[in-house]
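# Structural overview
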Amino acid sequence: MQYTSWVPIFPEQASTFAWQVDLLYFYLIAVSIAFSIPIVAAIIFFGLKYKEREKYATPDELHGSIVLETTWSIIPFVVSMTIFLGGAYVYFEQYTPPTDAMEIYVVGKQWMWKMQHGTGQREINELHVPVGRKIKLTMTTEDVLHDFFVPAFRTKADVVPGRYTYLWFEATKPGKYHLFCAEYCGLNHSGMGGWVYVMEQKDFDNWLAGNTSGQTPVELGKDLFQNKLGCASCHAGGPQQRGAKLEGIYGKEVKLVGGQTVVADDQYIRNSILNPASQVVEGYQPIMPTFKGQVTDEQLNGLVAYIKSLSGVTGTTGGTTGTSLSASNTATNSASSLPSNTMTPRRADRGNSGPGSNPNAPAAANSNR
Ligand code: CUA
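Residues numbered from 1 in each chain as written. Predicted model: local features only at pLDDT ≥ 70, side-chain atom pairs only at ≥ 80, totals over all residues. Heavy atoms only, no water.

## Considering the nonpolar core
If you look at the biggest cluster of nonpolar residues, it comprises 35 residues, and the most contacted ones within it are W113, L137, F148 and F153. Membership of the second largest hydrophobic core comes to 25 residues, among which are L220, V254, I273 and V295. (Core = buried A, V, L, I, M, F, W, Y, C linked by side-chain atoms within 4.5 Å. Buried < 20%, exposed > 50% of the residue type's maximum accessible area, 1.4 Å probe, protein only.)

## Let's talk about helix α7 (residues 297-309)
For α7, built from 13 residues, the straight-helix expectation of 18 Å at 1.5 Å per residue is met to within 8% by its first-to-last C-alpha distance of 18 Å. Of all 13 residues making up α7, 12 are buried, and the element is well covered by its neighbours. (Helix = DSSP H or I, 4+ residues; strand = E, 2+ residues; numbered from the N terminus. Expected span 1.5 Å × (residues − 1).)

## Concerning the sheet that holds strand β1 (residues 102-109)
In a beta sheet, neighbouring strands are held together by backbone hydrogen bonds and run either parallel or antiparallel to one another. Pairing in this open sheet of five strands is mixed, and the strands run β3-β2-β1-β5-β8 from one edge to the other. This sheet does not close on itself; its edge strands, each paired only once, are β3 (122-124) and β8 (165-170). Strand-to-strand twist in this sheet, taken as the mean axis angle between neighbours without regard to direction, amounts to 25°. As judged from the seven bridges shared by β1 and strand β5 (residues 134-141), these two strands associate in the parallel manner. (Pairing = 2+ DSSP bridges. Axes fitted to C-alpha atoms, helices over the stretch in contact; angles between N-to-C directions.)

## Digging into the pattern of salt bridges
All told, the structure shown has nine salt bridges when counted by the stated rule. The partner of E12 in a salt bridge is K173, with the nearest N and O atoms 3.4 Å apart. In this pair, E12 sits in the segment before α1 (18-49) while K173 sits in the loop between β8 and β9 (175-181), placing the two residues 161 residues apart along the sequence. Measuring nitrogen to oxygen at the nearest pair gives 3.7 Å for the salt bridge that ties E52 to K55. In this pair, the class of E52 matches that of K55, namely exposed. Among the charged side chains, a salt-bridge network with shared partners connects E103, D266 and K308. (Salt bridge = Lys/Arg side-chain N within 4 Å of Asp/Glu carboxyl O.)

## Here's the deal with the sheet that holds strand β6 (residues 146-150)
Spatially, the five strands line up as an open sheet ordered β4-β10-β9-β6-β7, and their pairing is mixed. Here the strands that pair on one side only, and so sit at the sheet edges, are β4 (126-130) and β7 (155-159). Neighbour-to-neighbour, the strand axes of the sheet open up by a mean angle of 20°, direction not taken into account. Direction of pairing for β9 relative to strand β10 (residues 194-199): antiparallel, over a ladder of five bridges. Along β10, the bridge assignment pairs K176 with Y197. Sitting on the sheet, helix α3 (residues 201-210) is in contact with β4 and β10, with an inclination near 130° to β4. (Contact = heavy atoms within 4.5 Å.)

## Structural notes on the packing of aromatic side chains
On inspection of all chains with the given rule, the structure shows 14 aromatic pairs. Relative to Y25, the ring of F10 lies with its centre 5.9 Å away and its plane at 55°, an arrangement referred to as tilted. In this pair, F10 sits in the segment before α1 while Y25 sits in helix α1, placing the two residues 15 residues apart along the sequence. With a relative accessible area of 43%, Y25 lands in the partly exposed category. Between Y25 and F26 the ring centres are 5.8 Å apart and the planes differ by 75°, which places this aromatic pair in the edge-to-face class. The exposure class of F26 is partly exposed, given its relative accessible area of 22%. One residue, K156, lies across the ring of F149, its end atom 5.6 Å from the ring centre. Here the guanidinium or amino end of R270 rests over the ring plane of Y164, the centre of that ring lying 5.0 Å away. (Phe/Tyr/Trp six-rings, centres within 6.5 Å; stacked < 30°, edge-to-face > 60°. Lys NZ or Arg CZ within 6 Å of the ring centre and 35° of its normal.)

The following block contains the structure:
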């Protein structure tokens, strides 16, 4: 990887907000230097000038200086406010994903990154994205905390078991950029990395076309919903309907038994699959069984994507929309989901501890069995 940043030891600036982060960083360094040097110089100067010359000398009385005191109040105020405002701007810019972004799912696992594109292509420890497009990553992990970090994009975010976190970026130049895990996650943490390949749109389209796409997240979720898990038997309309209607639900406020309301976002849908009794929609019985331990995080992503699609919400996809469901991809799917079910050590906080175990669930809803 070549270093073409204007500071030799810095990684490239390859995203739209890289320069903002660097600017803030160098501003902080400049402020630190601007304060440190005069302070150290003053300590030495005054130490010499006012060193003890006679024992028990009585110093002259000093009276304050309004000008001096006002100056040393206003300057630090201005400096700290510029740091605060600059930091807040960069923060909100980075952690407010745009709505028109291309969505990619990321699942962390000891010790690899599994990516899935909206068009179904899967990758491990590699992520191909087009240049100049907003990319939103929806991330979760099968086991412990990880952290998705691409230094050249100057952005990172924790990947947390049991919930979704988001990261977005827009790459500004084609290239190959290091991807790291930036949260100590066990023995091979240091090896949990890879590369982000930023490509021109047409190269990206070629890449997409050259990769057999498996089921898209929406197709995977639809298959689980309608066939494999049988969700449709309760949630589809008609006389059989015993579960909440899901069409158009995404992003709306939902009234729960007990009077609370929640917004039906990714997190709510996920929680409703894993801990159905914790947030029951008003007007329905808490009869839904939990699917905790029966679905992998990738399958959960699919279910969430499918339920979103029922409300017309889709992450915009790359180029060619491949929808083939080939045998090889089915094999890949089961191969990648198998180890997670059987070999991944479960942490205490996501064990099989019943429906009320969701730490995010409101206390009142927990007693609702
Ligand atoms: Cu994953 Cu460190």
